[in-house]
Amino acid sequence: MSTALPSPLKIGVSRTRLEVREFFREREQLIFTFLFPIIFLGIFSAVFSGTDFSGGVDAATYFTPGMIASGIFLTSFQSLSIGIAIERDQDVLKRLRGTPMSSQSYFIGKIGVVLVTSVLQFGLLLAIAGLLLGVDIPSEPEKWLNFVWIFILGTASGCVLGIAFSVVPKSGRAASAVVTPVVLLLQFISGVYFVYSSLPAWMRTVAEIFPLKWLAQGMRSVFLPDGFEVNEPGGSWQLGTGAIVLSVWLVVGLLVAQRVFRWTRRDAG
């Protein structure tokens, strides 16, 4: 007894349905990534309301820099790792590779989306922190100059690392399950969800290897009072060290991404 093969029409409809589901799944991921730091800032401000983090710093003020750093890392590293893995799995990258569009244009477009999303996310988070949660927004030009280079360096390193890490998930469906735990782990050990100086010494040592710790500490130097730096494990903001570590990760990410990036799925040969 022979079994009828599915018609090309049915195959096409099934493929279209799958692509539509993946489209909305990717957009849901983007919305979740965009709102995640803002939602958690509100939660932490409520949970730790009335807690003094030394120097008259309240919960909303303390957690704002960490959430800004987390937002940058989510919109760069996590969104690119997952998004590119999904596009590769759906053969979007393969089709783009066959068009006149250059690979440089593709990556510039991806990084441009990250920059726009990060700026919008930062603006909304800062508005909520300042207007609703009573966080004092710095007015010193020097602090905002520091913010600009920390933001640019943190976003750039997160983007290239996200592009490089996008080859790790074996499929688009597995991308979120592979990438998200890595990001959560780094958030927990980098002073995003906890007071960094209260973490165990061995955990801080591990965190110092990765960029998120230095991105969060750099943001604390911008949004926390100058005197608060004595509460940091090293007794200072260590901006020079942070710039070096982020720059090293940027270079390493570029080299690794150029070497391991794939336009096609692994089963495509």
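Residues numbered from 1 in each chain as written. Predicted model: local features only at pLDDT ≥ 70, side-chain atom pairs only at ≥ 80, totals over all residues. Heavy atoms only, no water.

### Digging into the overall build of the chain
Now for step 1: Of the regular secondary structure elements, the chain holds nine helices and zero strands.
Now for step 2: Ordering the α and β elements of the chain from the N terminus gives α-α-α-α-α-α-α-α-α.
Now for step 3: Relative to its 269 residues, the chain shows a buried fraction of 43%.
Now for step 4: Taking contacts inside the chain between residues at least 6 apart in sequence as the whole, the part at least 24 apart equals 77%.
Now for step 5: Of the roughly 13600 Å² that the chain leaves accessible, carbon and sulfur atoms contribute 68%. (Helix = DSSP H or I, 4+ residues; strand = E, 2+ residues; numbered from the N terminus. Buried < 20%, exposed > 50% of the residue type's maximum accessible area, 1.4 Å probe, protein only. Contact = heavy atoms within 4.5 Å. Areas by Shrake-Rupley, 256 points an atom, 1.4 Å probe, with all protein chains shown as cover.)

### Things to note about unusual backbone geometry
The bulk of non-glycine residues show a negative phi, and the bulk of peptide bonds are trans.
Now for step 1: A positive phi angle, close to 65°, is found at Asp 91, a residue other than glycine.
Now for step 2: With respect to the helices and strands, Asp 91 occurs in the loop between α2 (59-89) and α3 (92-97).
Now for step 3: At Gln 238, a residue that is not glycine, the phi angle is positive and equals roughly 55°.
Now for step 4: What makes Gln 238 partly exposed here is its relative accessible area of 30%.

### Describing the nonpolar core
Now for step 1: Residues Tyr 62, Ile 68, Phe 147, Met 219 and Phe 223 are the most contacted members of the largest nonpolar core, which totals 49 residues.
Now for step 2: Put simply, the parts of the chain that give this core at least two residues each are α1 (8-47), α2, α4 (103-131), α5 (141-165), α6 (172-189), α7 (201-207) and α8 (211-223).
Now for step 3: Broken down by element, this core gets its largest block of residues, 14 residues, from α2.
Now for step 4: Core analysis: the next-biggest nonpolar cluster, separate from the first, contains 11 residues, Leu 93, Tyr 106, Val 114 and Ala 164 among them. (Core = buried A, V, L, I, M, F, W, Y, C linked by side-chain atoms within 4.5 Å.)

### Some words on the pattern of salt bridges
Now for step 1: Under the counting rule described, the total for this entry stands at four salt bridges.
Now for step 2: A salt bridge links Asp 91 to Arg 265; the nearest nitrogen and oxygen atoms lie 3.3 Å apart. Note that Asp 91 is positioned in the loop between α2 and α3 and Arg 265 in the segment after α9 (239-260), a separation of 174 residues in sequence.
Now for step 3: When the shortest N-O distance is used, the salt bridge between Asp 226 and Lys 143 registers 3.3 Å. (Salt bridge = Lys/Arg side-chain N within 4 Å of Asp/Glu carboxyl O.)

### Quick notes on the packing of α2 against α6
Now for step 1: Where α2 contacts α6, the axes come no closer than 9 Å and their chain directions differ by 160°. Relative to α6, the element α2 lies roughly antiparallel. In this structure, α2 crosses over α6, and the sense of that crossing is right-handed. Facing α2, whose interface residues are Ser 70, Phe 73, Leu 74, Phe 77, Gln 78, Ser 81, Ile 82, Ala 85, Ile 86 and Asp 89, α6 presents Gly 172, Arg 173, Ala 175, Ser 176, Val 179, Thr 180, Val 183, Leu 186 and Gln 187. (Axes fitted to C-alpha atoms, helices over the stretch in contact; angles between N-to-C directions. Parallel < 35°, antiparallel > 145°, perpendicular 65-115°, else oblique. Left-handed = near helix turned anticlockwise from the far one by under 90°.)

### With respect to the side chain of Thr 75
Now for step 1: On the secondary structure map, Thr 75 appears in helix α2.
Now for step 2: Here Thr 75 falls in the buried class, since its relative accessible area comes to 3%.
Now for step 3: Only 2.9 Å separates the side chain of Thr 75 from the backbone oxygen of Gly 71, close enough to count as a polar contact.
Now for step 4: Only 2.7 Å separates the side chain of Thr 75 from the side chain of Ser 118, close enough to count as a polar contact.
Now for step 5: Among all residues touching Thr 75, those that are not within four sequence positions of it are Thr 33, Val 114, Thr 117, Ser 118 and Gln 121. (Polar contact = N/O pair within 3.5 Å; in protein donor to acceptor, adjacent residues only side chain to side chain.)

### Section: the packing of aromatic side chains
Now for step 1: Overall, the coordinates contain 26 aromatic pairs when judged by the stated rule.
Now for step 2: With centroids separated by 5.7 Å and ring planes inclined at 40°, the aromatic side chains of Phe 40 and Tyr 193 adopt a geometry described as tilted. One end of the pair, Phe 40, is in helix α1; the other, Tyr 193, is in the loop between α6 and α7, with 153 residues separating them in the sequence.
Now for step 3: Overall, the relative accessible area of 5% leaves Tyr 193 in the buried class.
Now for step 4: Where Phe 188 meets Phe 194, the ring centres are 5.8 Å apart and the plane angle is 35°; that geometry is what we call tilted.
Now for step 5: Residue classification places Phe 194 among the partly exposed positions, given a relative accessible area of 38%. (Phe/Tyr/Trp six-rings, centres within 6.5 Å; stacked < 30°, edge-to-face > 60°.)

### Things to note about the confidence of the model for the chain
Now for step 1: Per-residue pLDDT for the chain has a mean of 85; in total, 87% of the residues score no lower than 70.
Now for step 2: Per-residue pLDDT stays below 50 along residues 8-24; that stretch engages in seven contacts with residues further than four places along the chain or on separate chains. (pLDDT = per-residue confidence, 0-100.)

### As for the packing of α4 against α5
Now for step 1: Orientation of α4 relative to α5, taken along the N-to-C sense of each, is 135°, at an axis distance of 11 Å. Here α5 runs oblique to α4, going by the angle between their axes. Where α4 crosses over α5, the handedness of that crossing is right-handed. For the pair α4 and α5, the contacting residues are Phe 107, Ile 111, Val 114, Leu 115, Ser 118, Val 119, Phe 122 and Leu 126 in the first and Trp 144, Phe 147, Phe 151, Thr 155, Cys 159 and Ile 163 in the second.
Now for step 2: When grouped by side-chain class, the residues that make up the contact of α4 with α5 number 12 nonpolar, two polar and no charged. (Nonpolar A, V, L, I, M, F, W, Y, C, P; charged D, E, K, R; others polar.)

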